[in-house]
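# Analysis of the macromolecular model
Here are the chains, one letter per residue:
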Number of protein chains: 2
Amino acid sequence: MSVLEQLDHPGNGTELKNRAGKPAEGSKEDHFEPNIIIEFDPKSKQAALEWLTAKLQAPRVEGGAELLVYTSHGEEEEETVLYVGATVDRLLIGAEEGRIQKKYKNGDLRDLSLTDIYNYENADDLDNFLTSAEKQRVILKAIESVRATDDETHIPGYSQHHLYPGKSIIKKYLSRKIVTSMYPLHDEESLKRLTSEWCSFNKYFNPQPINSIQKYFGTKIAIYFSFLGFYTVSLIPPALIGVIYFLYPWASMYREATFALFNLIWSTVFLEAWKRYCNTQCFTWGVLEGSGSLSKSLEEPRADYHGTMGTNAVTGKPEPVYPKWKRVLKFYLVTVPIISLCLVVAFFAMLAYFWAEHWIKKHGSQDMGLLTTLQNLLPTIVYAIVIGILNTIYRTIAAKLNKYENHRLQSSYENHLIVKLILFEFVNSFMCLFYVAFYLQDTTLLKTFLGTTLVTQQIVGQVGEAMVPFFFVKRRQTQLKQAAKRAGKAGTDMESPAVVRQSSTGSCKVDDSYKKQAALEGLMDVSAGCNDEYLEMYIQFGYVYLFSCCFPLAALWALFNNFIEIRTDAFKFCKVFRRPFTQQANSIGAWQPAFEIIGLISVITNCALIGMDPGVKKLLPSELSPVNYVLIFVAAEHIVLAIKAGVAILVPDLPKWVSLQMAKQEYQAKLALRKQMKEDISNRKPKLVDRILDAAQKKKVLMDAFKNKGVNKGPTDV
Amino acid sequence: MSVLEQLDHPGNGTELKNRAGKPAEGSKEDHFEPNIIIEFDPKSKQAALEWLTAKLQAPRVEGGAELLVYTSHGEEEEETVLYVGATVDRLLIGAEEGRIQKKYKNGDLRDLSLTDIYNYENADDLDNFLTSAEKQRVILKAIESVRATDDETHIPGYSQHHLYPGKSIIKKYLSRKIVTSMYPLHDEESLKRLTSEWCSFNKYFNPQPINSIQKYFGTKIAIYFSFLGFYTVSLIPPALIGVIYFLYPWASMYREATFALFNLIWSTVFLEAWKRYCNTQCFTWGVLEGSGSLSKSLEEPRADYHGTMGTNAVTGKPEPVYPKWKRVLKFYLVTVPIISLCLVVAFFAMLAYFWAEHWIKKHGSQDMGLLTTLQNLLPTIVYAIVIGILNTIYRTIAAKLNKYENHRLQSSYENHLIVKLILFEFVNSFMCLFYVAFYLQDTTLLKTFLGTTLVTQQIVGQVGEAMVPFFFVKRRQTQLKQAAKRAGKAGTDMESPAVVRQSSTGSCKVDDSYKKQAALEGLMDVSAGCNDEYLEMYIQFGYVYLFSCCFPLAALWALFNNFIEIRTDAFKFCKVFRRPFTQQANSIGAWQPAFEIIGLISVITNCALIGMDPGVKKLLPSELSPVNYVLIFVAAEHIVLAIKAGVAILVPDLPKWVSLQMAKQEYQAKLALRKQMKEDISNRKPKLVDRILDAAQKKKVLMDAFKNKGVNKGPTDV
């Protein structure tokens, strides 16, 4: 049945009919595998629903997406659900157009080329040639590239929701909440395999199956887990040294200094090595490409982006345009003052906490009773609650401001949000440590504070994480019940008008198993992305490195925590969350400089802490004047900063073999282009070339004359 | 006569025969314009000479260069000279192949395309369509790409000089000194125009004609002059402030601090603005392209590069290969110790100077007589001489070591040499200032020292520069005499056998004016590149910024000096030096980070100097403890460093319009490629496409059914 059978295939083509997958109840042709689910708002208008459905099914020559759609109408209060899939041919053509890279039989990654498909690995079974993530990508792209034409000025049924030519229709539906959600279905077989490899207890000590994660969840999530794993491994040396220091205490001015020096340089080594490792991984995944100004211009604006209609400066296509100066003004006149105010409030909350504690210590009762303990704990408890409330308020404000700034690209939107989150967490988590360390200059308090905060946070976190599977089991049961109800309904309303129309074509049904799956997954939590997980890691990184000379065991704690974190996060992605759309990325984005800045600050803090340590002061020759004493530490700080800069410069961002491989690919592309250009030129101006060859002929006569005299025989006659 | 007449030309083609240029004595066809001169060693073997000549003349289909060559044989002790030129057609074809960019009639820069040549500006006069620099580039490339074939294993007449397949023959001749020099001839008309625009006295206050310089001398030299000009202009604000400070002295702790702060941030602004300006310029010249790993792999190894025969890892072509670990070992085990030793010697020479001066001041006679003055000056004089000698020795050692390191690429060779030169100059020029400032802590001595060194160096330099034109006139007379002698000889030996052979073809003569020109230019100095000029600027930059709070007038002196320097350097390039081959560059290379490092160090030095200033100390509240006093300056230093980093990050390396323009070009290239790919695909698999269209047809029936029900009429029916 597949049109690909028409291509010259080394085999006899019969295996093409051997479609894998679940046994379908009806004829194989009637049923299809849905990859993406689109849920409509229950109150959405029928016209809008039918318009989108028709667009998705329409042939591409008419501006449609040429996809298979099965509509499951809900009753009164229930949402209507579209099941979207595609034929194998449509998927393969989409994969070729989307330049999806597949493994060639010689092991290279190459853009898929259909004329040549049987030279790719696993091309014998075309149904399963593309992974579910790739199918999902092709279909998502097809859905998103259904665009309004010149005469479609608004969504049918919603005259207030304007469209402009070239606007992605589904994005408008999503931003106007006509479509409440769109998500890909899990591929249960692959997921099962991935889960057993990744988050079963006996695999806790195995490395993560990053490549399988990348294949299933996409690059962005794979990079998060890869970073988490890489960071965890990088904690082993500081943790080991920390344990040794803890077990064998000795007094020497070099003790803390050596450890701090190691940590300071190690943090740079880790971040540079990560960049290199991440680039290598992205190269093998085929996503390591420059994020230059072109790709930025080609990226579509975010769904929420608004502005007056204009044209894209690069492509010339219509697109909303928002002047940059307005965004800059908004940023400096609105965002900066409000964020600063929030930070100041958080700062004063912290000061209030210290004052309260100080006051209670001075004026509170001094018995050893339970009440006194409670009374002493009171400021801490109040502060924790206040911080919690402030944090919630701040996150709401940050999100609103970020939206208000109206960023054109998803990436810049995210980076701005990350910076906002980091600023607040910095004040929240680290400012009190700075206050204790450098204003109160109380090293003992700092040590206690650091230890208790880190340990408390991690224990609370661990307990929370450990509860996830438990709650999951509970929730799953409820979900299963609800899902069964939904799926049952979906099964009964198959005779609704739209479905009848589609059934008449005989190619738009889905198996009941998919309906059940969709009903279940529709109830699952939506993952909020990895930013909160990165933030958690970021704060931990700060605790480990900023004051490492005070609390050498921090790395051990962090190591232990992350070791469990990896698997609970994995569990969440595999079992708890709805499957996220795969997203491309080739780095951890704004988190890389954020981690680097912590690395820089930690040089200053550690040098200052060691300098302030009275133990160290005693160990230095006493004839040293205080000024020279300070200057020594300033010099040390500069030297460490220089070493860090040296390490960062000397570690190349790409391993030799990757850059060689990239150069090779580029060279071959250039050769091919040049060859083609030459052909073009010779086709277009035969006369000129002929004349040149004529001239060459003329010269040849001259050369022959030379040769006869033995001049041009070259080396042979010497 | 031109084959280009065959192309459809809007005009009638007659102006093609109107060749501009000097009136030739004989028939126009017999004479050609030589662009490049190749001088053979007088002792070189005739076989080698004739082999190269034949190769250069041979048609390209036979591996030749298809150039015009006129051989002027010298007598016994005199060198043989080849005059190399090319026909207009050959030049144009070479320009197209070399992707030389020319201005299209709509003002854009485009790769030259011959089929479309009459849509380029100035294409009416094809003889002068290419500038002399472009002609020179085409011919040089043609000469260099004459390569040894598989059976040419050595140079004829020199069985010890081995060749490998693909080795550029002329590079072997040059590295084996069979060819003593190869240089392009000046284009006297363009040069005259450029000289009058650039280095006549009445143009001293005009901006430099950078675009004309780029056209005539190539990008590398144009970038040097552009940088010199940009730097000079950037000195105006610090010079102005310096003058104000000098004229209106007032005492405040903020006085020096404000000036230093301005200077510190200004240096970063200048360097970032330069990067941006340079990129913009390079973009308009069409040379702004990534210097990625591909272009590095494609660059041919330096002539001196040696190694065992292997293959290029990217192109797979044969090429000498030298293992990286050997270079690294050489660098760390030989270069680093020797260079360090040299630096230590220079450092001790400096110490000896201070000791000697101190000793003489203490023990010498205290009269005011001439002898005493001399005696007091003695250490300075001796030190100056010693430094001069050390400098010469060091430069020889550095060049030898750099050669010994066996760098594959010219660029990395140059960058390593630059770093070596900078290190020594740093110790030479700045170490004594550091010694005075921070070891002796003698601000008065520092001021005197800084002032005298800068002023003396510049006066000596200025006098030297001012002498150039004077000596030039003297030398030129001698050169003219010698040249006349040489040209006369060249005229008489035209009947030597080789010439007779060429004359017989009737197309290989050059005008006597060219012979005279070549004879004269052969005697001119060879420019040593711009590194020494950059080094001079670098040291000046150090004097201006490193201790700016001590000597505010430094910028004024530097400004004045550079103002004259620009024009004397221009004079040297136009009148004194042999014309250099044009070289591509898109930045000032290793000098950029070198200048940035000075900028960084200057933050430390200035903060320290202000902190050490007793005047400032008095102005601060006296209850401040010395430690806190130091900490204030450390904090200030960190803040300035942070501001500098902020400026460097916030100033984009490319102006918005350039990055937009680049994205546009890339986008159009991608569109074109995609269009071509689509055509290719539709050519290669008609059946698949037919089937897809069939399927589309089938879907259309379905859609029609929808439309009839009014579902797909979209917005119109709401």
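Residues numbered from 1 in each chain as written. Chains lettered and ligands numbered in written order. Predicted model: local features only at pLDDT ≥ 70, side-chain atom pairs only at ≥ 80, totals over all residues. Heavy atoms only, no water.

A count of helical and extended segments in chain A gives 23 helices and ten strands. Expressed as a percentage of the 718 residues in chain A, the buried residues total 48%. Carbon and sulfur atoms form 62% of the exposed surface of chain A, whose accessible area is close to 35200 Å². (Helix = DSSP H or I, 4+ residues; strand = E, 2+ residues; numbered from the N terminus. Buried < 20%, exposed > 50% of the residue type's maximum accessible area, 1.4 Å probe, protein only. Areas by Shrake-Rupley, 256 points an atom, 1.4 Å probe, with all protein chains shown as cover.)

Take the domain arrangement of chain A next. All names here are of chain A. Domain boundaries assigned for chain A yield domain 1 (3–185), domain 2 (195–479 + 523–654) and domain 3 (663–704). The C-alpha-based centres of domain 1 and domain 2 are spaced at 39 Å. Each side of the interface is counted separately: domain 1 has 21 residues, and domain 2 has 20 residues. Between domain 1 and domain 2, a total of about 1700 Å² is buried, with carbon and sulfur atoms accounting for 54% of that surface. At the surface where domain 1 touches domain 2, the tally comes to zero salt bridges. Of all the secondary structure elements, the ones that give two or more residues to the side of domain 1 that touches domain 2 are helix H3 (132–144), helix H4 (169–175) and strand S8 (179–184). A per-element tally of the side of domain 1 that touches domain 2 places H3 first, with five residues. Across the side of domain 1 that touches domain 2, the residue classes break down as ten nonpolar, seven polar and four charged. (Domains from an automatic or database assignment. Contact = heavy atoms within 4.5 Å. Buried area = accessible area lost by both parts, 1.4 Å probe. Salt bridge = Lys/Arg side-chain N within 4 Å of Asp/Glu carboxyl O. Nonpolar A, V, L, I, M, F, W, Y, C, P; charged D, E, K, R; others polar.)

This next bit is on helix H21 (residues 626–650) of chain A. In an α-helix there are 3.6 residues to a turn, and that puts residues three or four apart on one side. Under the 1.5 Å per step criterion, the end-to-end length of H21(A) is 36 Å for 25 residues, consistent within 8% with the ideal 36 Å. All of the buried residues along H21(A) are Tyr629(A), Val630(A), Phe633(A), Val634(A), Glu637(A), His638(A), Val640(A), Lys644(A) and Val647(A). (Expected span 1.5 Å × (residues − 1).)

Residue and element names in this part refer to chain A. The interhelical angle for the contact between helix H2 (residues 88–97) and H3, taken along N-to-C directions, is 80°, at an axis separation of 9 Å. Considering their axes alone, H2 and H3 lie roughly perpendicular with respect to each other. Residues Arg-90, Leu-91, Gly-94 and Ala-95 of H2 lie in contact with H3, whose contacting residues are Lys-135, Val-138, Ile-139 and Ala-142. Here the contact of H2 with H3 is built from residues that sort into five nonpolar, one polar and two charged. (Axes fitted to C-alpha atoms, helices over the stretch in contact; angles between N-to-C directions. Parallel < 35°, antiparallel > 145°, perpendicular 65-115°, else oblique.)

What follows deals with the pairing of strand S1 (residues 36–40) of chain A. Looking down a regular strand, the side chains alternate between one sheet face and the other. Residue and element names in this part refer to chain A. Within S1, five of the five residues are buried, which leaves it mostly tucked inside the rest of the structure. Across the two faces of S1 the burial is the same, with Ile-36, Ile-38 and Phe-40 and Ile-37 and Glu-39 all buried. Where S1 meets S8, five bridges bridge the pair, whose relative direction is antiparallel. The partner of Phe-40 across the bridge, within S8, is Val-179. (Pairing = 2+ DSSP bridges.)

What follows concerns the sheet that holds strand S3 (residues 68–72) of chain B. Residue and element names in this part refer to chain B. On the basis of which strands lie adjacent, the open sheet formed by four strands has the order S3-S4-S2-S9 and antiparallel pairing. Strand pairing shows two members of the sheet lacking a second neighbour, S3 and strand S9 (179–184), which therefore form its edges. Averaged over all pairs of adjacent strands, the angle between strand axes in this sheet comes to 15°, irrespective of strand direction. Bridging between S3 and strand S4 (residues 81–85) involves five bridges; their strand directions are antiparallel. Of the residues in S4, the one forming a bridge with Ser-72 is Val-81.

The buried fraction of helix H16 (residues 512–521) of chain B amounts to seven of the ten residues, a majority that puts the element mostly inside the structure. Regarding H16(B), the residues found buried are Tyr514(B), Lys515(B), Gln517(B), Ala518(B), Ala519(B), Leu520(B) and Glu521(B).

Between two aromatic rings, the relevant description is the distance of the centres plus the angle of the planes. Residue and element names in this part refer to chain B. Following the criterion strictly, the structure yields 92 aromatic pairs over all chains and no others. A ring pair is formed by Phe-230 and Phe-270, whose centres lie 6.0 Å apart and whose planes are at 25°; its orientation type is stacked. With a gap of 40 residues between them, Phe-230 in helix H7 (residues 219–234) and Phe-270 in helix H9 (residues 253–285) connect regions that are remote in the sequence. Assessed through its relative accessible area of 21%, Phe-230 is described here as partly exposed. (Phe/Tyr/Trp six-rings, centres within 6.5 Å; stacked < 30°, edge-to-face > 60°.)

What follows covers the confidence of the model for chain A. All names here are of chain A. Model confidence for chain A is summarised by a mean pLDDT of 80, while 83% of its residues fall at 70 or above. Highest mean pLDDT in chain A belongs to helix H7 (residues 219–234) (94); lowest belongs to helix H15 (residues 497–505) (39). Low pLDDT (under 50) marks residues 491–507, which in the prediction has 32 contacts with non-local residues, meaning those over four places away or in another chain. For residues 684–689, every residue scores under 50 in pLDDT, and the model assigns this stretch seven contacts once sequence neighbours within four places are set aside. Confidence estimates for the predicted assembly give a pTM of 0.82 and an ipTM of 0.78. (pLDDT = per-residue confidence, 0-100.)

Bringing the pattern of salt bridges into the picture now. Applying the stated criterion across every chain yields a total of 24 salt bridges over all chains. Residue Lys275(B) is joined to Glu596(B) by a salt bridge in which the shortest nitrogen-to-oxygen separation is 3.9 Å. Of this pair, Lys275(B) sits in helix H9 while Glu596(B) sits in helix H19 (residues 591–612), placing them 321 residues apart in sequence. Here Glu596(B) falls in the partly exposed class, since its relative accessible area comes to 31%. Salt bridges linked by common partners bring Glu272(A), Lys275(A) and Glu596(A) together as one network.

Now for the side chain of Lys572(A). All names here are of chain A. As for its position among the elements, Lys-572 is in helix H18 (residues 554–576). Judged by its relative accessible area of 16%, Lys-572 falls in the buried class. Excluding residues within four positions of it along the chain, Lys-572 makes contact with Glu-465, Val-468, Glu-533 and Phe-577.

Turning to the sheet that holds S1(A), a few remarks are in order. All names here are of chain A. Strand order in the open sheet made by the four strands is S2-S3-S1-S8, with antiparallel pairing throughout. Two strands bound the open sheet, and with one partner strand each, they are strand S2 (68–72) and S8. For this sheet the average axis-to-axis angle between neighbouring strands, irrespective of direction, equals 15°. Contacting S1, S2 and strand S3 (81–85), helix H1 (residues 46–57) crosses the sheet at an angle of about 5° to S3.

Let us look at the UniProt feature "transmembrane region" (unreviewed entry) in chain A. Residue and element names in this part refer to chain A. When the UniProt feature table is mapped onto this chain numbering, "transmembrane region" (unreviewed entry) sits at residues 221–247, 253–271, 331–356, 376–397, 417–440, 543–564, 585–611 and 631–651. Annotation note: span residues 221–247, helix share 96%, strand share 0%, distance between end C-alpha atoms 38 Å. Within the segment residues 585–611, helix and strand shares are 78% and 0% respectively, and the terminal C-alpha atoms sit 42 Å apart. (UniProt positions renumbered as here; feature names shortened; annotations may be inferred.)

For the rest of this paragraph, the subject is a nonpolar patch on the surface. Judged by side-chain polarity, Trp325(A), Val328(A), Leu329(A), Tyr332(A), Leu333(A) and Val336(A) come together as a nonpolar surface patch covering roughly 620 Å² of accessible area. Take Val328(A): it is sitting in helix H11 (residues 324–363). (Patch = residues over 30% accessible without salt bridge, like charges linked within 9 Å, V, L, I, M, F, W, Y side chains within 5 Å.)

Moving on, we come to the pairing of S2(A). In terms of burial, S2(A) is a largely internal element, five of the five residues being buried. Residues of S2(A) alternate between two faces, with Leu68(A), Tyr70(A) and Ser72(A) on one and Val69(A) and Thr71(A) on the opposite face, all of them buried.

Turning our attention to the environment of Leu520(B). Residues and elements named next belong to chain B. Here Leu-520 is to be found in helix H16. Judged by relative accessible area, Leu-520 falls into the buried class, the value being 11%. Through-space distance from the C-alpha of Leu-520 to that of Leu-480 is 6.2 Å; in sequence the pair is 40 residues apart.

All names here are of chain B. Following the sequence through the fold, Glu-405 ends up in the loop between helix H12 (370–404) and helix H13 (410–440). Take Glu-405: its relative accessible area is 1%, and that puts it in the buried class. In this structure Glu-405 touches Arg-327, Lys-330, Phe-331, Thr-335, His-416 and Lys-420, once residues within four positions along its chain are discounted.

With that out of the way, let us pick up the packing of helix H17 (residues 531–546) of chain A against H18(A). All names here are of chain A. Relative to each other, H17 and H18 sit at 170°, their axes nearing to 10 Å. The pairing of H17 with H18 is recorded here as roughly antiparallel in orientation. Where H17 approaches H18, its residues Glu-533, Glu-536, Gln-540, Tyr-543 and Val-544 are matched on the opposing element by Ala-554, Ala-555, Ala-558, Asn-561, Asn-562, Glu-565, Asp-569 and Lys-572. When its residues are assigned to classes, the contact of H17 with H18 shows five nonpolar, three polar and five charged.

So, on to the environment of Gln410(B). All names here are of chain B. By secondary structure assignment, the location of Gln-410 is in helix H13. What makes Gln-410 partly exposed here is its relative accessible area of 33%. The spatial distance from the C-alpha of Gln-410 to the C-alpha of Ala-303 is 9.0 Å, given a sequence separation of 107 residues. Not counting residues up to four positions away in its chain, the partners in contact with Gln-410 are Glu-299 and Arg-302.

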